[in-house]
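Each chain, written out:
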Amino acid sequence: MNINFTLIAQAIAFAVLIWFTVKFVWPPLLKAIETRQKEIADGLAAAQEGRSALEVAAKKSEATLAEAKQKATEIIGQAEKRATQIVEEAKGNAKAEGDRIITGAKAEIDQEVNRAKEGLRAQVSALAIAGAEKILRKEIDGKAHSEMLSKLAAEL
Amino acid sequence: MATEHAEHALTPSEYISHHLSFNAQSVGNGSFWTLHIDTLIMSVVLGLLVMGLVWWVARGATAGVPTKRQAFVELVFGFVDDQVKNIFHGNRHSFIAPTALTVFLWVFAMNAMDFLPVDIFAKLMHGIGFDKWRAVPTSDINTTFALALSVWILMIFFSIKVKGFGGWIHELFYSPFGTKIWVLPLNFLFNLIEYVSKPLSHSLRLFGNMYAGEVIFLLLGMWAATGLSGTIFGSILGAGWSIFHILIVALQAFIFMMLTVVYLAMAHESH
């Protein structure tokens, strides 16, 4: 337990060691560690940012997809409507054309019928006159009764 | 070890006193002007070695992926830094944390010299011309007092630096019991006792632990010299004590560092 000059010498050695550590050992270690900590923190932040950006992009693409789907549905709906319309139009046209043809045909038929009727009427009146002539030749003068006969023919 | 001492025919008290005496060199008149060459050389070499190693790693330290060497140093760095951060709430990087690192590593290295087999190491130093050689600088009271008194001076220095000289004197008289006129002498006495007891307990705790450890190694070594059974049991117990000593060495270095930080942190706080 003898205190002596060694104490002073040791204290000086201690002071020098502290100075050395303060000056040369601590700062580079601290710098390296703090730089790395910052880098790691930055990296984590960047990763977080990337994740959120990805999320946003996913949402956007989903929205775009939904919009596209909606548009496609709309277009299909329009096309279907248009198709129905065209079919309806075509149907209408066809019906009108058919009606027109039928009307034409009916008119022609009517004309034919009328013509036939006229012919028949003429023939019937001629036949009636001939028959009446044959019957009346014996009893009635043809000339006297022809007026009445032509009146008859007009009534037929 | 047994045969070695049988040859010299040393008595137990001679053996122990030989191992417990320093390699003292007189540098002037009077018993104060003496240097313990062994303590000085061991501590300076260990200090240079351990701080040099850390410096070597710190110089090549990269902020990228660290090597295993750097990772280990950073582990120690982080350990010390965490301890300081919990105790001291100022700018620790400018002085206190590096000081804590120095104290921890240096004291640890000096304590760790206790693991060297006392006789073999002494024999080795004897071989190169040093008759007496104590390998553990921290079992020299001069070393522990040097450290504790340096910390004590730093303590007073920071007290005055933070509070001003007037503030420091004021605190000597006005804390901890209050500002009533009749408690002022009591305050001063209390602070005086604290200022005396701090370096004493700081240094004697480390010194006592390391000195006792060394003495037990010597006793075991002495037992080993008494014959075959003594050699066997002495070796087994010596191994056991060494293993237990790993804890003491690390713990005492840690305690010494923590007290250093606590004292310096307390000096920064005003009451």
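Here is what the cut-offs are and how they apply
- Residues numbered from 1 in each chain as written.
- Chains lettered and ligands numbered in written order.
- Predicted model: local features only at pLDDT ≥ 70, side-chain atom pairs only at ≥ 80, totals over all residues.
- Core = buried A, V, L, I, M, F, W, Y, C linked by C-beta atoms within 7 Å.
- Buried ≥ 20, exposed ≤ 12 C-beta atoms within 10 Å, placed from the backbone.
- Helix = DSSP H or I, 4+ residues; strand = E, 2+ residues; numbered from the N terminus.
- Contact = placed C-beta atoms within 7 Å.
- Axes fitted to C-alpha atoms, helices over the stretch in contact; angles between N-to-C directions.
- Parallel < 35°, antiparallel > 145°, perpendicular 65-115°, else oblique.
- pLDDT = per-residue confidence, 0-100.
- Expected span 1.5 Å × (residues − 1).
- Bend = angle between axes of the 7 residues up to and from the residue.
- Left-handed = near helix turned anticlockwise from the far one by under 90°.
- Nonpolar A, V, L, I, M, F, W, Y, C, P; charged D, E, K, R; others polar.

1. Examining the nonpolar core
Across soluble globular proteins, you tend to see nonpolar side chains buried next to one another. Residues and elements named next belong to chain B. Val54, Ala100, Phe104, Leu105, Trp106 and Val107 are the most contacted members of the largest nonpolar core, which has 68 residues in total. The element that contributes the greatest number of residues to this core is helix 5 (residues 96-112), accounting for 12 residues. Once residues lying within four places of it in the same chain are set aside, the contact partners of Leu105 are Val50, Met51 and Val54.

2. Comments concerning the interface of chain B and chain A
Across the contact, 40 residues belong to chain B and 29 residues belong to chain A. Per-element accounting of the side of chain B that touches chain A gives the leading share, 10 residues, to helix 3 (residues 37-59) of chain B.

3. Overview of the packing of helix 8 (residues 184-224) of chain B against helix 9 (residues 228-268) of chain B
In the contact formed by helix 8 of chain B and helix 9 of chain B, the axes pass within 9 Å of each other and the chain directions differ by 170°. As judged from the angle between their axes, helix 8 of chain B and helix 9 of chain B are roughly antiparallel.

4. Side note on the confidence of the model for chain B
Residue and element names in this part refer to chain B. Averaged over chain B, the pLDDT score is 88; the fraction of residues at 70 or greater is 96%. Mean pLDDT across the elements of chain B bottoms out in helix 1 (residues 2-8) (47) and peaks in helix 5 (94). A low-confidence stretch, residues 1-7 (pLDDT under 50), is modelled with 12 contacts involving residues beyond four sequence positions or located in other chains. Of the two predicted TM-score estimates for the complex, the pTM is 0.74 and the ipTM is 0.86.

5. Overview of unusual backbone geometry
Here the amide bond leading from Ser175 of chain B into Pro176 of chain B is cis, since omega sits at 5°, within 30 degrees of zero. Within the secondary structure, Pro176 of chain B sits in the loop between helix 7 (141-174) and helix 8.

6. Some remarks on helix 9 of chain B
Residue and element names in this part refer to chain B. Across its 41 residues, helix 9 extends 58 Å between first and last C-alpha, which sits within 8% of the 60 Å expected from 1.5 Å per residue. Largest kink in helix 9: about 30°, centred on Phe244. Taken as a whole, helix 9 has its buried residues at Gly234, Gly238, His245, Val249, Gln252, Ala253, Phe256, Met257, Thr260, Val261, Leu264 and Ala267. Structurally, helix 9 contributes buried residues whose contacts are with helix 4 (68-87), helix 5, helix 7 and helix 8.

7. A short note on the packing of helix 3 of chain B against helix 5 of chain B
Residues and elements named next belong to chain B. One can describe the packing of helix 3 onto helix 5 by two numbers: an axis separation of 9 Å at closest approach and a directional angle of 130°. Relative to helix 5, the element helix 3 lies oblique. Helix 3 and helix 5 meet at a crossing whose hand is right-handed. On helix 5, the residues that touch Ser43, Leu46, Gly47, Val50, Met51 and Val54 of helix 3 are Thr102, Leu105, Trp106, Ala109 and Met110. Residue composition of the contact of helix 3 with helix 5, grouped by class: 8 nonpolar, 3 polar and no charged.

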